[in-house]
Amino acid sequence: MSPAGDVLAQLGAHRLVPVVVLDDAAAADGLAGALVAGGLPVAEVTFRTAAAAESIRIMASRGDVLVGAGTVLTPDQVDQAADAGAAYVVSPGLSRAVVERCGERGVLALPGAVTASEVMAALELGVSTVKFFPAGTSGGAAAVKALAAPFGGVRFVPTGGIGPANLHEYLSIPAVHAVGGSWMVPRDLVSAGKFDEVTALVAEAVALTGSDSGGKEV
Ligand code: 3PG
């Protein structure tokens, strides 16, 4: 399996991708520890703050967390993410330049796609697992199911507006590879260094995935 394929398999095995906004890289190690302690050693660190690249570097260097970059909008940010040790790159939409730079850097690209045309564009770039974002306002689980129907080999990572109350709706769809969300890593708790509380939320989220193996790759 290629390195990118291996990363994709790991994301599918965990089923959840915590979407993290770090205001200060000083919180990165504590957050990583909380994720590991909660049983979900995965993080999508978003390039919405200046602390993103350094946070990725700190988390990736531990070696016990599958760290990716989120909200990646440009090839330059792909380079920053790859240089920092990110194993995957998530974008809110589909950018050929971003996907191609990911290929050049050997990191998995997970671009956003919520229409049939966007999925077809992703397939043309060799991408068959896409982020379905923003899930809640793009039609929710019903839209994922409808969009999956004509694309047998395509898998989705719905993100945006998902939480404990509606997680099952998405995880029960066979075409759903994993679900992303920020509910288990609230920005204020992370900034305040309340990592025990983060660990509890992460563990609760992991427990909720227990009964949903529908989309899990074996
Ligand atoms: C993202 O960047 O993927 C979203 O902001 C996460 O969405 P959520 O905060 O609604 O979970």
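Just so you know, these numbers come straight off a predicted model, no measurement behind them.

**Student:** When you look at the overall build of the chain in this model, what are you seeing that I'm missing?
**Tutor:** A tally of helices and strands in the chain yields 10 helices and 8 strands. Whereas a compact globule of 218 residues would reach a radius of gyration of roughly 17 Å, the chain reaches 16 Å, a difference of no more than 12%. Dimensions along the principal axes, computed over C-alpha positions, put the chain at roughly 45 × 40 × 30 Å. Out of the 218 residues belonging to the chain, those deemed buried represent 52%. Nonlocal contacts in the chain, meaning residues at least 24 apart in sequence, comprise 60% of its contacts between residues at least 6 apart.

**Student:** Explain the sheet that holds strand β3 (residues 66-70) here, please?
**Tutor:** To summarise the sheet geometry, strands pair through backbone hydrogen bonds and adopt either a parallel or an antiparallel arrangement. Read from one edge to the other, the open sheet built from 6 strands follows the order β5-β4-β3-β2-β1-β8, with strand pairing classed as parallel. The open sheet has two edge strands, β5 (108-110) and β8 (179-181), and neither has a second partner. Within the sheet, the average angular offset between the axes of one strand and its neighbour, ignoring direction, is 25 degrees. Here strand β1 (residues 16-20) pairs with β8 via 3 bridges, running parallel. Bridge pairing in β8 links P18 to G181. Together, β1, β2 (42-46), β3, β4 (88-90) and β5 form the strand contacts of helix α1 (residues 3-14), whose direction differs from that of β5 by roughly 50 degrees.

**Student:** What exactly am I supposed to notice about the pattern of salt bridges here?
**Tutor:** Note that side chains of opposite charge can pair when their charged atoms are close. Taken as a whole and judged by the stated rule, the model has 10 salt bridges. K131 is the partner of E44 in a salt bridge, and the nearest nitrogen-oxygen pair spans 3.6 Å. Placement of E44 in strand β2 and of K131 in strand β6 (residues 129-132) is noted, with a sequence separation of 87 residues between them. With a relative accessible area of 3%, E44 lands in the buried category. Notably, a salt bridge pairs D79 with R101, separated by 2.6 Å at the nearest N-O pair. Of the two residues, D79 is situated in helix α4 (residues 75-84) and R101 in helix α5 (residues 96-105); the sequence distance between them amounts to 22 residues. Under the relative-accessibility criterion, R101 is labelled partly exposed at 26%. Members of the salt-bridge network, linked through shared partners, are D79, D83, R101, E104 and R105.

**Student:** How do you make sense of the side chain of D79 when you look at a structure like this?
**Tutor:** Since its relative accessible area comes to 18%, D79 is described here as buried. Once residues within four sequence positions are removed from consideration, D79 is found in contact with R101 and R105.

**Student:** What is the right way to look at the site of the ligand in this model?
**Tutor:** Taken together, the neighbourhood of the ligand is formed by V19, R48, K131, F133, T159, G160, G161, G181 and S182. One of the side-chain nitrogen or oxygen atoms of R48 is found 2.4 Å away from an oxygen atom of the ligand. Across the complex, the protein chains shield 80% of the 310 Å² of accessible surface that the ligand would expose by itself. For the shell around the ligand, the class distribution of residues is 2 nonpolar, 5 polar and 2 charged.

**Student:** Honestly, the side chain of T49 in this entry has me stumped. Any pointers?
**Tutor:** Position of T49 among the secondary structure elements: in the loop between β2 and α3 (52-62). Note on T49: relative accessible area 14%, which makes it buried. Discounting chain neighbours no more than four positions away, the residues touching T49 are V21, L22, D23 and R187.

Criteria and thresholds
Residues numbered from 1 in each chain as written. Predicted model: local features only at pLDDT ≥ 70, side-chain atom pairs only at ≥ 80, totals over all residues. Heavy atoms only, no water. Helix = DSSP H or I, 4+ residues; strand = E, 2+ residues; numbered from the N terminus. Rg over C-alpha atoms; globule rule 2.2 N^0.38 Å. Buried < 20%, exposed > 50% of the residue type's maximum accessible area, 1.4 Å probe, protein only. Contact = heavy atoms within 4.5 Å. Pairing = 2+ DSSP bridges. Axes fitted to C-alpha atoms, helices over the stretch in contact; angles between N-to-C directions. Salt bridge = Lys/Arg side-chain N within 4 Å of Asp/Glu carboxyl O. Near = heavy atom within 4 Å. Polar contact = N/O pair within 3.5 Å; in protein donor to acceptor, adjacent residues only side chain to side chain. Areas by Shrake-Rupley, 256 points an atom, 1.4 Å probe, with all protein chains shown as cover. Nonpolar A, V, L, I, M, F, W, Y, C, P; charged D, E, K, R; others polar.

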